[in-house]
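Coordinates in review
The lines below spell out each chain.
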Amino acid sequence: AQRAAELEAQLSDATARAQRAAELEAQLKDATAQAQRAAELEAQLRDATAQAQRAAELEARLTDATAQAQRAAELEAQLTDVNAQAQRAAELEAQLTDASAQAQRAA
């Protein structure tokens, strides 16, 4: 009976240890899954950070391109004005040539 009681105590102890081992195994599986999820989220964060950096670079290029387009529009307006002045100068030169010819004939 004494031996049976000792074996029963050992069985009870072994059962408790097996239960604890199963609980720890479940915790390990959960922790492993959490670590995997954390790694996935970290990878997503790295990707999102890279995309944000790329977006900032593109925004800077867009700002520069917009400024260049504005400058091009200003230069185009100046060119249009210069062309109009050149046209007017050509017209005045033609009038001067005609007036000179008339003066030459009058003389």
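A short tour of the structure in this document, coming up.

1. Structural notes on the overall build of the protein chain
- From N to C terminus, the protein chain includes one helix and zero strands.
- What you see for the protein chain is a C-alpha radius of gyration of 46 Å, clearly larger than the 13 Å of a compact globule of 107 residues, by over 25%.
- Referenced to the eigenvectors of the C-alpha coordinate spread, the extents of the protein chain come out at roughly 155 × 10 × 10 Å.
- By the burial criterion, 0% of the 107 residues in the protein chain qualify as buried.

2. Things to note about the pattern of salt bridges
- Scanning all chains against the criterion turns up eight salt bridges.
- The partner of Glu-40 in a salt bridge is Arg-37, with the nearest N and O atoms 3.6 Å apart. Taken together, the residues span about one helical turn, with Glu-40 and Arg-37 both in helix H1 (residues 2-106) at a distance of three residues.
- A residue is classified by how much of its surface remains accessible, and Glu-40, at 35% relative accessible area, is partly exposed.

3. What about the environment of Glu-8?
- Tracing the chain through its elements places Glu-8 in helix H1.
- Classification of Glu-8 as exposed rests on a relative accessible area of 58%.
- Sequence spacing of Glu-8 and Ala-67 is 59 residues, and the spatial spacing of their C-alpha atoms is 87 Å.

4. Re the environment of Ala-38
- Here Ala-38 is to be found in helix H1.
- What makes Ala-38 partly exposed here is its relative accessible area of 42%.
- Sequence separation of Ala-38 and Asp-64 is 26 residues, and the distance between their C-alpha atoms is 39 Å.

Analysis parameters
- Residues numbered from 1 in each chain as written.
- Predicted model: local features only at pLDDT ≥ 70, side-chain atom pairs only at ≥ 80, totals over all residues.
- Heavy atoms only, no water.
- Helix = DSSP H or I, 4+ residues; strand = E, 2+ residues; numbered from the N terminus.
- Rg over C-alpha atoms; globule rule 2.2 N^0.38 Å.
- Buried < 20%, exposed > 50% of the residue type's maximum accessible area, 1.4 Å probe, protein only.
- Salt bridge = Lys/Arg side-chain N within 4 Å of Asp/Glu carboxyl O.

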